[in-house]
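# Observations on chain architecture
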Amino acid sequence: MSELNLQSVLLKYWGFSSFRPMQEDIIRSAIGGNDTLALLPTGGGKSLCYQVPGMAMAGLCIVVSPLIALMKDQVEALKDKGIKAVGIYHGLSKAEIDNAVDNCVYGDVKFLYMSPERLTTDLIRSRITKMNVNLLAIDEAHCISQWGYDFRPPYLRIAEIRELIPHTPVLALTATATPQVVADIQEKLQFSDQRVFQKSFERKNLAYVVIREEDKLNRLLKVCQNVKGTGVVYVRNRKRTREISDWLMQKGVSADFYHAGLDSRERDARQDAWMKEKTRIIVSTNAFGMGIDKPNVRFVVHMDLPDSPEAYFQEAGRGGRDGNKAYAILLFNNSDTIDLRRFHEQSFPPLKDIKKVYNSLGNYYQLAIGSGKDESMPFDLVSFASHYNLNPVLVFNALGFLEKEGYLAISEALANPSRIMFMANNEELYRFQVANPRYDPFIKLLLRSYSGLFTEFTKIREQDISRRAGIDIAVVRKMLNELHNMKILHYKAQNETPVITFLQGRVAASDLNISKAVYKERKVFARKRMQAMIDYVESFTTCRSLYLLGYFGETTAQRCGQCDVCLEQNKAGVSEYEYKQLADMIRQRIEEEEVSMEDLIRKLDMNISEEKAMGVLRYLLDNRIIIEDAMMKLHWKDKKSETAG
Ligand code: ADP
Ligand code: MG
């Protein structure tokens, strides 16, 4: 594929005139038939890395992704460009899935999106060899590694599919991977080439700031007042998103809130208002941001400690995509570490409780062992929990666990719009219309309003049909249901409530395949990530950017010069090296023996500039890294002293 061709594909379908750094190298590697791993930060343009090759080559590109919402967005975006794309996710009927797979074998579909659970079903396994697969793209590839922060066991089975299509190269993509995870991805996907493309994760225009603060709300208000432009505020708890946004509104700041408990129409409306800058600040749980691409976010504030540097880096990284200065601010105080530890414990419910929740769920839906596969049932967490006298938080976390293990999937309310497709062919339909004139105008209206109804499931809106036909929406639904029952068309009405889908037939709780060892190991890894996050906020001696980059295995970066640590060092008039040296020395002294401020200064090394030492000391005191007790003795306030009291 010549240079010109790739460029023209980019221009023709996406309207972009040039590739971003690394994109072209990655694309060429994949087109060259090499197994390739691409590490680009969030927003770096990973999708194009498989979409351009998919378009440039004959055949079909299979994309594996864990997030249904993102898959749907991408499928829709491709369709809008006139590119044939289909997605297979739970919640679709068997007929819809069969139809989609058929179109991949016999039609000219260019992109097939699937979850890893789907990829390894018998249906796909038996049909994939008949498809002309040009590329197997694995998005969010870190999910394959148990060391990754979002390990999903079903990813491990992707390798089985490689054997069925041995000549198809794999392109794995992720935004977060430590060196250990990078190696693991290649191994688990059975890479035959060692092609890793990694763009530095350095964000030169993003200033990381950690602030120890008891009164977080007022500090947040100050940030909103002092930094112009759009912002995102992350909190862990759904209820708090509303409280904080209300409070900001009271103080005259334009704000709204967002979390996964809102129905999707409401979420879309809020997100849209924020994108269009009708709302300035969005207060949200981590549900917000995935797939959102707003370049001019000027600040991202975290009111709670995220549970891993990976999560933090992704969320904070939503600031300043346009290259202009932006702030990533983390507000924390000592109770946060306690909260985070509790949160960590909660997200690993005891295995026996996970099994209990699974078992109760099977009973709730009266599923016999072995049955229930691919069945979707409406799900109300609160009533389920109270029915079995279970703690809702426990249920929530246990379900999260089961979801990652690939046993079930939960979709939020209204995630699935209504869809129809004709089952009758053109001729049969015509005969039906003649025989049933009552339906004739209605069918004609459908055919006029939507295209492709004979070949694929098409999103419809009952409201639109009702308006156009001048009939009540209830009548529209009734007619659609009748046509469905007469097998003239498939009608899938939209889900109004969250839906739970069993991805595997029910197994006896004792057969749940979660081994104690694996469970324990995962918890250990999660704890390590949590500790790395705590270390991030508790250290005031390492440049924030360097710390994060180091975590992801980049050791060659320079100090950023703009994070809170660097700024203080600048003020103290010392280099990073001097700062670290002085801070370490001071710490050592303080921990060796009880000293007062005076003692400390007196005992400082002769060949150290007093001015510099004072600068560092002042900083350590101002930031309460060192505190003076009632006896005027100094204490280094580190993790140990904090948890002790
Ligand atoms: P990622 O998956 O890495 O987080 P996306 O694939 O969602 O990122 O891309 C982020 C944004 O960057 C999208 O809006 C995309 O259209 C845009 N983008 C990607 N590549 C280019 C390019 N070469 N030129 C201009 N915009 C691009
Ligand atoms: Mg992406």
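Reading guide: rules and limits
Residues numbered from 1 in each chain as written. Chains lettered and ligands numbered in written order. Predicted model: local features only at pLDDT ≥ 70, side-chain atom pairs only at ≥ 80, totals over all residues. Heavy atoms only, no water. Core = buried A, V, L, I, M, F, W, Y, C linked by side-chain atoms within 4.5 Å. Buried < 20%, exposed > 50% of the residue type's maximum accessible area, 1.4 Å probe, protein only. Pairing = 2+ DSSP bridges. Helix = DSSP H or I, 4+ residues; strand = E, 2+ residues; numbered from the N terminus. Polar contact = N/O pair within 3.5 Å; in protein donor to acceptor, adjacent residues only side chain to side chain. Contact = heavy atoms within 4.5 Å. Salt bridge = Lys/Arg side-chain N within 4 Å of Asp/Glu carboxyl O. Axes fitted to C-alpha atoms, helices over the stretch in contact; angles between N-to-C directions. Phe/Tyr/Trp six-rings, centres within 6.5 Å; stacked < 30°, edge-to-face > 60°. Lys NZ or Arg CZ within 6 Å of the ring centre and 35° of its normal. Near = heavy atom within 4 Å. Areas by Shrake-Rupley, 256 points an atom, 1.4 Å probe, with all protein chains shown as cover. Domains from an automatic or database assignment. Buried area = accessible area lost by both parts, 1.4 Å probe. pLDDT = per-residue confidence, 0-100. Arc of directions from axis to C-beta. Parallel < 35°, antiparallel > 145°, perpendicular 65-115°, else oblique. Nonpolar A, V, L, I, M, F, W, Y, C, P; charged D, E, K, R; others polar.

## Quick word on the nonpolar core
One finds Ile62, Ile138 and Tyr208 to be the most contacted residues of the largest nonpolar core, which totals 117 residues. Judged by nonpolar contacts, the second largest core, of 27 residues, contains Ile354, Val357, Tyr358 and Tyr365.

## Some thoughts on the sheet that holds strand E18 (residues 489-492)
Ordered in space as E17-E16-E18, the 3 strands form an open sheet in which the pairing is antiparallel. Either end of the sheet is taken by a strand with one partner, and the two such strands are strand E17 (458-459) and E18. Note: strand E16 (residues 419-422) against E17, 2 bridges, orientation antiparallel. Residue pairing in the sheet places isoleucine 420 in a bridge with threonine 458 of E17.

## A word on the side chain of asparagine 34
Locating asparagine 34 in the fold gives a position in the loop between helix H2 (23-31) and strand E1 (36-39). On the basis of relative accessibility, which here comes to 13%, the residue asparagine 34 falls in the buried class. At 2.8 Å, the side chain of asparagine 34 forms a polar contact with the backbone oxygen of serine 29. Apart from residues no more than four positions distant in its own chain, asparagine 34 is found in contact with Ser29, Pro169, Val170, Asp193 and Arg195.

## Quick word on the environment of tyrosine 450
Topologically, tyrosine 450 is positioned in the loop between helix H19 (440-449) and E17. Judged by relative accessible area, tyrosine 450 falls into the buried class, the value being 13%. A C-alpha to C-alpha distance of 9.8 Å links tyrosine 450 and isoleucine 420, two positions 30 residues apart in sequence. Not counting chain neighbours up to four residues away, the residues in contact with tyrosine 450 comprise Thr458, Lys459, Ile460, Arg461, Asp464 and Ile465. Engagement of the side chain of tyrosine 450 in a polar contact is seen with the backbone nitrogen of arginine 461, the distance being 3.3 Å.

## Describing unusual backbone geometry
Despite not being glycine, glutamate 140 shows a phi value in the positive range, around 50°. Within the element layout of this structure, glutamate 140 appears in the loop between strand E5 (133-138) and helix H8 (158-164). We classify glutamate 140 as buried; its relative accessible area is 18%.

## Notes on the pattern of salt bridges
In total, this model carries 35 salt bridges according to the counting rule given. Residue glutamate 213 pairs with arginine 219 through a salt bridge whose shortest N-O separation is 2.7 Å. Glutamate 482 is the salt-bridge partner of arginine 438, the closest N and O atoms lying 3.1 Å from each other. In this pair, arginine 438 sits in the loop between helix H18 (426-435) and H19 while glutamate 482 sits in helix H21 (residues 473-485), placing the two residues 44 residues apart along the sequence. Taken together, the shared-partner salt bridges in this structure form one network comprising Arg125, Arg157 and Glu160.

## Side note on the sheet that holds strand E9 (residues 230-234)
Taken together, the 6 strands give an open sheet; going across it, the order is E8-E13-E12-E9-E11-E10, and neighbouring strands pair in parallel fashion. Each end of this open sheet is capped by a strand with a single partner; those strands are strand E8 (206-212) and strand E10 (255-258). Shown here is a sheet whose adjacent strand axes are inclined to one another by a mean of 20°, direction ignored.

## Remarks on the packing of aromatic side chains
Under the defined criterion, the tally for this structure stands at 22 aromatic pairs. The interplanar angle of 65° and the centroid separation of 6.1 Å between the aromatic rings of tyrosine 13 and tryptophan 14 together place this pair among those described as edge-to-face. Each residue in the set Tyr364, Tyr365, Phe379, Phe384 and Tyr388 is aromatic and connected to the rest through ring pairs, giving one cluster. Over the ring of tryptophan 274 we find lysine 294; its NZ or CZ atom is 5.7 Å from the centre of that ring. Here the guanidinium or amino end of arginine 544 rests over the ring plane of phenylalanine 540, the centre of that ring lying 5.0 Å away.

## Concerning the site of ligand 1
Gln23, Gly43, Lys46, Ser47 and Asp293 are the nearest of the 14 residues found near ligand 1. Here a nitrogen atom of ligand 1 sits 2.9 Å away from a polar atom, N or O, in the main chain of serine 18. In this structure, an oxygen atom belonging to ligand 1 sits 3.4 Å away from a main-chain N or O atom of glycine 44. Burial of ligand 1 by the surrounding chains reaches 75%, relative to a free accessible area of 570 Å². If one sorts the elements of the shell around ligand 1 by residue count, helix H3 (residues 46-56) sits on top with 3 residues.

## Considerations on the domain arrangement of the protein chain
Per the domain assignment, the segments of the protein chain are domain 1 (3-198), domain 2 (206-332), domain 3 (342-415 + 498-525), domain 4 (419-492) and domain 5 (559-636). Averaged C-alpha coordinates put domain 2 and domain 5 at centres separated by 33 Å. Between domain 2 and domain 5, a total of about 460 Å² is buried, with carbon and sulfur atoms accounting for 41% of that surface. It is Tyr208, Val210 and Arg212 that lose the most area in domain 2 upon contact with domain 5, and together they represent 57% of the buried surface on that side. Counting every contact that joins domain 2 to domain 5 gives 0 salt bridges.

## A word on the confidence of the model for the protein chain
On average, residues of the protein chain score 89 in pLDDT, and 96% of them are at 70 or above. A low-confidence stretch, residues 639-645 (pLDDT under 50), is modelled with 9 contacts involving residues beyond four sequence positions or located in other chains.

## Topic: H18
Those residues of H18 that sit buried are Leu429, Phe432 and Gln433. Take H18 and look down its axis: the buried residues cluster within an arc of 100°, on one side only. Opposite the buried face of H18, at more than 90 degrees from it, the exposed residues are Glu427, Tyr430, Arg431, Val434 and Ala435. Considering only its buried residues, H18 is in contact with E16, H19 and H21.

## Concerning the packing of helix H20 (residues 462-469) against H21
It is at 8 Å that the axes of H20 and H21 come closest, and there the two elements cross at 110°. Comparing their axes, H21 and H20 come out roughly perpendicular. Across the interface between the two elements, Glu462, Gln463, Ile465 and Ser466 of H20 pack against Ile473, Val476, Arg477 and Leu480 of H21. Here the contact of H20 with H21 is built from residues that sort into 4 nonpolar, 2 polar and 2 charged.

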